[in-house]
Amino acid sequence: MSRPRQDFEITPDILLRAYSIGLFPMAESAEDQNLFWIDPEARGVFPLDGMIVSRKLARLVRSDRFEVRIDHDFEAVIDACASVGEGREKTWINHRIKKLYGQLFDLGRVHTVEAWHDGVLAGGLYGVALGAAFFGESMFHRQRDASKVALIHLAGRLVAGGFQLLDTQFVTPHLQSLGAIEVSKEAYRFMLADAVAGRGDFLVWPKDRTVPGREVLAALAASGDEID
């Protein structure tokens, strides 16, 4: 994995250009204000026609137990993604990352998918939209399965909006169980070029509209996803 460090100011425009060629930034820790570029030899992606939704997860999504909001509270989401706790001893999200992605959020390039329960943020994720590509950056949960519900809502929205690529950077056993696969850098670059040249509409479902889980699952089923 390449880790060229940067010694110049990264702007939102530079960050978007980096994404368009397959790079993304990280920090060693929240305390380290330096950033370095990541260029993995193998890349994690979710084929948008290959999501795996178990019977249990499908029931949960259909139940609408979690209220899913879009772009409602970016700061709360990225702060939660950056928090340390059980299973996460340190974070790669430092102050510069928060500032940069906050600027992209203000520009409409970063989006959040948030799962709320009884008025409390229970889980969610954020990522970057560019052309017909969505780059998932980080996710978190405070209640069981809340982040999974957010991810399924994200995938359904991307399918409905004509996206071609859902980038997850790396593949973990958890993501693999939901359909994530690993592709070579070369294969990823071809996928990326096609997707960035395309046009996706993240707000195909307006962000102030509550989208029922059944509609999300119907969008995924129509694309060929495996739903029990």
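Structure first, text after, so check above.
All values derive from a computational prediction rather than experimental measurement.

**Student:** Can you explain the pattern of salt bridges? Please cite residues and give values.
**Tutor:** What the rule picks out here adds up to 9 salt bridges. With a closest N to O distance of 3.2 Å, Lys-185 and Asp-39 form a salt bridge. Of this pair, Lys-185 sits in helix α7 (residues 185–197) while Asp-39 sits in the loop between β2 (36–38) and β3 (42–46), placing them 146 residues apart in sequence. When salt bridges that share partners are traced, they join Asp-39, Glu-41, Lys-185 and Arg-189 into one network.

**Student:** I'd love a proper account of helix α1 (residues 12–20), names of residues and values included.
**Tutor:** Within α1, burial applies to Pro-12, Leu-15, Leu-16, Ala-18 and Tyr-19. Each buried residue of α1 sits inside an arc of 155° when the element is viewed along its axis, so together they form one side. Turning to α1, the residues buried within the fold contact β1 (24–26), β2, α4 (95–106), β7 (120–130), β8 (133–141) and α7. Note on α1: the residue one or two positions beyond its end, Gly-22, has a positive phi of about 100°.

**Student:** Pulling in residues and values, what's your account of the packing of helix α5 (residues 146–160) against helix α8 (residues 213–222)?
**Tutor:** Taken N-terminus to C-terminus, the directions of α5 and α8 make an angle of 55°; their axes are 8 Å apart at the nearest point. For the element pair α5 / α8, the angle class is oblique. Seen along the crossing, α5 lies across α8 with a hand that is left-handed. Note on element contacts: α8 touches α5 through Gly-213, Val-216, Leu-217, Ala-219 and Leu-220, opposite Ile-152, His-153, Ala-155, Gly-156 and Val-159. Looking at side-chain class alone, the contact of α5 with α8 contains 7 nonpolar, 3 polar and no charged residues.

Calculation criteria
Residues numbered from 1 in each chain as written. Predicted model: local features only at pLDDT ≥ 70, side-chain atom pairs only at ≥ 80, totals over all residues. Heavy atoms only, no water. Salt bridge = Lys/Arg side-chain N within 4 Å of Asp/Glu carboxyl O. Helix = DSSP H or I, 4+ residues; strand = E, 2+ residues; numbered from the N terminus. Buried < 20%, exposed > 50% of the residue type's maximum accessible area, 1.4 Å probe, protein only. Arc of directions from axis to C-beta. Contact = heavy atoms within 4.5 Å. Axes fitted to C-alpha atoms, helices over the stretch in contact; angles between N-to-C directions. Parallel < 35°, antiparallel > 145°, perpendicular 65-115°, else oblique. Left-handed = near helix turned anticlockwise from the far one by under 90°. Nonpolar A, V, L, I, M, F, W, Y, C, P; charged D, E, K, R; others polar.

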